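A look at the structure
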Amino acid sequence: SMMLDDTMDARASGELPDERFVDVRYADLVADPAGTLIDLCGRLGRSVPTGFASTVAAQVTRRPKGAQGEHHYSLADMGLDPARERERFGRYQAHYVVPDEV
């Protein structure tokens, strides 16, 4: 959380020029991989290759989430207080509109 706060502060002050960053929410990437990557290309000023969306869709079909098993973990399993951790990362979540994970 301290590194995220430092980076947010550096971007806000201009120490790290904001134009050097392109923010992508992981939840958006998971929900709509092709759409998110096409949007990213646009934000980077790059053209989208022909057939890109179908290529991404095919890759997602070939490697579906959970096909190799899933990891289940919780903050409490690691001895961390979920409420405290949510508080620590609250500024980042609010700034980048990152939803709470279950």
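Every value quoted in this text rests on a predicted model; they were computed, and no experiment measured them. (Residues numbered from 1 in each chain as written. Predicted model: local features only at pLDDT ≥ 70, side-chain atom pairs only at ≥ 80, totals over all residues. Heavy atoms only, no water.)

1. What to know about the overall build of the chain
When helices and strands are tallied, the chain shows 6 helices and 0 strands. Traced from its N-terminal end to its C-terminal end, the chain shows the element sequence α-α-α-α-α-α. Against the 2.2 N^0.38 benchmark of 13 Å for 102 residues, the chain shows a C-alpha radius of gyration of 17 Å, more extended than a compact globule. Seen along its three principal axes, the alpha-carbon backbone of the chain occupies a region of about 45 × 40 × 15 Å. The contacts in the chain between residues at least 6 apart in sequence include a share of 33% that link residues at least 24 apart. For the chain, the computed accessible surface area is about 8,300 Å², with 56% contributed by carbon and sulfur atoms. Both charge centroids of the chain, one from 12 positive and one from 17 negative side chains, sit 6 Å from each other. (Helix = DSSP H or I, 4+ residues; strand = E, 2+ residues; numbered from the N terminus. Rg over C-alpha atoms; globule rule 2.2 N^0.38 Å. Contact = heavy atoms within 4.5 Å. Areas by Shrake-Rupley, 256 points an atom, 1.4 Å probe, with all protein chains shown as cover. Lys, Arg positive; Asp, Glu negative; His and termini not counted. Charge placed at Lys NZ, Arg CZ, Asp CG, Glu CD.)

2. Comments concerning the packing of aromatic side chains
All chains considered together, the criterion is met by 1 aromatic pair. With 5.0 Å between their ring centres and 45° between their planes, tyrosine 92 and tyrosine 96 make a pair best called tilted. Here tyrosine 96 and tyrosine 92 lie together in helix α6 (residues 90-96), a separation of 4 residues that amounts to about one turn. Residue classification places tyrosine 92 among the partly exposed residues on the basis of a relative accessible area of 28%. (Phe/Tyr/Trp six-rings, centres within 6.5 Å; stacked < 30°, edge-to-face > 60°. Buried < 20%, exposed > 50% of the residue type's maximum accessible area, 1.4 Å probe, protein only.)

3. Some points on the packing of helix α3 (residues 33-43) against helix α4 (residues 52-62)
Packing of α3 against α4 brings their axes to within 9 Å, and their N-to-C directions diverge by 140°. Classed by the angle they form, the pair α3 and α4 counts as oblique. Regarding α3 and α4, the two cross each other, and that crossing is right-handed. Each of Pro33, Ala34, Leu37 and Ile38 in α3 lies in contact with α4, whose residues at this interface are Phe52, Ala53, Val56 and Val60. Looking at the contact of α3 with α4 residue by residue, the class counts come to 8 nonpolar, no polar and no charged. (Axes fitted to C-alpha atoms, helices over the stretch in contact; angles between N-to-C directions. Parallel < 35°, antiparallel > 145°, perpendicular 65-115°, else oblique. Left-handed = near helix turned anticlockwise from the far one by under 90°. Nonpolar A, V, L, I, M, F, W, Y, C, P; charged D, E, K, R; others polar.)

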